[in-house]
Every structure is written in structure tokens, then in C-alpha cells.
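# Chains, contacts and geometry: an overview
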Amino acid sequence: MAAKKGHELRPNPRTGRYRLISGNWKMNLNHLEAIQLVQKLYFELRDVDYGFAEISLHPPATDLRSIQLLIESDRMRFSLGAQNCYYEASGAYTGEVSASMLAKLNVRYVIVGHSERRRIFGETDEVVAKKLAAVFSEQMTPILCVGETLEQREEGRTDDVLMGQVRAAVSELPGDLVSTLVIAYEPIWAIGTGRVATPDDAASGAQLIREELTTLYGEGVANAVRVQYGGSVTPITAAELLEAEGVDGLLVGGASLDADAFARIIRA
Ligand code: PEP
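Residues numbered from 1 in each chain as written. Predicted model: local features only at pLDDT ≥ 70, side-chain atom pairs only at ≥ 80, totals over all residues. Heavy atoms only, no water.

## Some words on the site of the ligand
Using the following cut-off: One heavy atom suffices: a residue is near a molecule or strand as soon as one of its heavy atoms comes within 4 Å of it. Any pair of N or O atoms that falls within 3.5 Å is considered a polar contact. Within protein, one atom must be able to donate a hydrogen and the other to accept it, and sequence-neighbouring residues count only if both atoms are side-chain atoms. Reported accessibility uses the Shrake-Rupley method at a 1.4 Å probe radius. Residues are deemed covered only where the shown protein chains occlude them.
Residues in contact with the ligand amount to 14 residues; listed here are only the nearest, Lys 26, His 114, Glu 186, Gly 192 and Ser 232. At a separation of 2.5 Å, an oxygen atom of the ligand approaches a polar side-chain atom of Lys 26. Between the ligand and Gly 192, the relevant distance is 2.6 Å, taken from an oxygen atom to a main-chain nitrogen or oxygen of the residue. Compared with its free state, where it exposes 300 Å², the ligand has 95% of that area covered by protein.

## Topic: the pairing of strand β5 (residues 141–146)
Stated precisely, the cut-off is as follows: Each residue is assigned to one of three classes by its accessible area relative to the maximum for its type, calculated with a 1.4 Å probe on protein chains only: buried under 20%, partly exposed between the two thresholds, exposed over 50%. Secondary structure is summarised from DSSP: a helix means a run of H or I of at least four residues, a strand means a run of E of at least two, and numbering begins at the N terminus for each. By this definition, two strands are paired if DSSP reports at least two bridges between them.
Among the 6 residues in β5, 6 count as buried, and that is most of the element. Taken together, the 4 bridges between strand β4 (residues 109–112) and β5 define a ladder with parallel strand orientation. The partner of Tyr 109 across the bridge, within β5, is Thr 141. Summarising the sheet, β5 and strand β6 (residues 182–185) pair through 4 bridges and their orientation is parallel. Residue pairing across strands places Ile 143 opposite Val 182, the latter belonging to β6.

## Overview of helix α9 (residues 199–217)
Where we set the bar: To estimate how far a helix should extend, the number of its residues minus one is multiplied by 1.5 Å.
In a regular helix each residue adds 1.5 Å, so 19 residues correspond to 27 Å; α9 covers 26 Å between its end C-alpha atoms and thus fits that length. Those residues of α9 lying buried are Asp 201, Ala 202, Ala 203, Gly 205, Ala 206, Leu 208, Ile 209, Arg 210, Glu 212 and Leu 213. One or two positions beyond α9, positive phi appears at Gly 218, with a value near 95 degrees.

## Focus: the side chain of His 114
Worth spelling out the cut-off: Any two residues whose heavy atoms approach within 4.5 Å are treated as being in contact.
In this structure, His 114 sits in the loop between β4 and α4 (115–120). Using a relative accessible area of 5% as the deciding quantity, one classes His 114 as buried. Here the side chain of His 114 touches Glu 186 through a polar contact of 3.4 Å, side chain to side chain. His 114 has contacts with Asn 24, Lys 26, Cys 145, Glu 186 and Ile 191, leaving out every residue within four places of it along the chain.

## Concerning the nonpolar core
The condition is simple: By nonpolar core we mean a set of buried residues, namely Ala, Val, Leu, Ile, Met, Phe, Trp, Tyr and Cys, connected to one another through side-chain atoms within 4.5 Å.
Among the nonpolar cores identified, the biggest contains 74 residues, and Phe 78 and Tyr 229 are the most heavily contacted of them. Core analysis: the second largest hydrophobic core is formed by 8 residues, Ile 143, Cys 145, Val 182 and Ala 184 among them.

## Topic: the sheet that holds β4
Note the threshold: Interaxial angle, 0 to 180 degrees, is taken between N-to-C directions of lines fitted to C-alpha atoms, where a helix line uses only the stretch in contact.
Spatially, β1-β2-β3-β4-β5-β6-β7-β8 is the arrangement adopted by the 8 strands of the closed barrel, whose pairing is parallel. Here the strands of the sheet are splayed against their neighbours by 25 degrees on average, with no regard to which way each runs. The strands that helix α7 (residues 158–170) touches are β5 and β6; relative to β5, the one it contacts most, it runs at about 150 degrees. Each of β5, β6 and β7 (226–230) is contacted by α9, which is oriented at about 140 degrees to β6, the strand it contacts most.

As C-alpha cells, this is what we get:
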């Protein structure tokens, strides 16, 4: 459905960047439950709600085809997202899904290097860098997740960790690609814990990320990259986090499984 006049997606007038609010469903909802959630979210939102930020939905891989068909047949203004992919194009990699398979489903955004993938599945910075390149090679946009643990934070290593993760992920890529990247600053101590970072924490994470990008590619690229905040975002905390300096959107886990809560976050 075409956007009604005046309800087109608008960039943030302060930064010129388009905001992005993403729902990461993790390993939740089969394809039937997923359809119900997307329909519910669609009915909750009004035309005006789509003007503030692009909305991407990241269901589990088994739901992607159903959600793709639903979004396209009803012309819903949601972008389809995936939670992960493998970096090889095809071959004997049992259980994996390639970037080209996702692109064929019209996936637009792929989360790469989520802390759960790094911690539980042992994804290294090297693997994350390869996945980033694979996603770009299929003309999709990666959402690169970076963030420090509580221990690293308490040891005063937040700067090193964030800047190191950004550098390791992007440094082999040309600046024109990097400028299209989305980076989610997700302090690990805030993910799924109910413990939300302050807007100042979110702003300082975004600033560190852009400082590293400036060192690597210059200010033009650093100012083009969109930075999301992620970690226990709720309808109550969303507005002030979205107002934080340098923050261009949100990556939402648990609250994106509830249509009403996610709609309230989008309206924030
Ligand atoms: C996430 O896992 O990306 C996330 C932000 O989760 P939650 O909102 O549940 O903390």
C-alpha cells in the first residue's frame, strides 16, 4: 500500500539519517504464530506511525517465507530481516543458511554478530567479518551487533571492546559499503536482563562507534552509518533512548514479541 501523503518515511531532521526500529524475535514463534503477530502489529499501527522510522522484523528462518508472502501480499510497510546467515555461498554446511538464500526471500536486513551468537555459538570477530561481507555481496544490509560485557565495563574496557569489534568487522570493507551499514550498540549486560542502559550510555556507545569509523574511513562514512541501541528496550524507555545523541533506532528483543508493546515502541 502506498504511503499516504505526509506519512512517508522521513529522515531525522537533526542528522539526515533514516531511523530503523528492528524486532529480533530470536528462537520464538513458529510460522503460524509469526503470521498472527505480524497481522496484529499491522492492525495496531496507523499510517502516521510509519513516518518516523523504518520497521524491520527478524523472525526465525523457518518463518521467513510465510512473513515475506504476508508482507508482500498485503503491502505491509515492514522490511523483512533475518537473524543470521553463513558466509559461504553453498556447500556441505549442514544446518546453515546462505546470504543468497535470504536475498531470494527479499530479506533486507541481516543481524550479524549478535552477542548470543558470539557467546553461545562461538562466533569470532573473523567469522563476523566474513558474514558481513557475505551479506553485502547479496545487496542486503547487515545490522552488526557490538557490545561489552559487565565485566569488561567494570574493568573500564568498554572503549577498547567496542572499537575493536567495529574495526575487526569492517576493516576489510570499502568505505562506500560501510557507510550503508547499521551498527547496533548492545551492552551485553542489558540484553534480556531488564537492565536498560541510560540514554547517556547509549549516546556514548554511539559516539565510540563513530569515532572508530572516523579513524578508519573519515567523518563522511561515520556520519552516514546508522547506530541502533539494543538491550531491554520497553515502551517506557524507548522515547528517551531514541532521543539520545547519535542514536538512529532500536534493536528490540523480548518486547518485539508483543504486538502492543512493539507498536508502542514504534510510536515512541
Ligand atoms: C537483543 O537480543 O537484541 C535484545 C535487545 O534483546 P532484549 O530486548 O530482550 O534485551
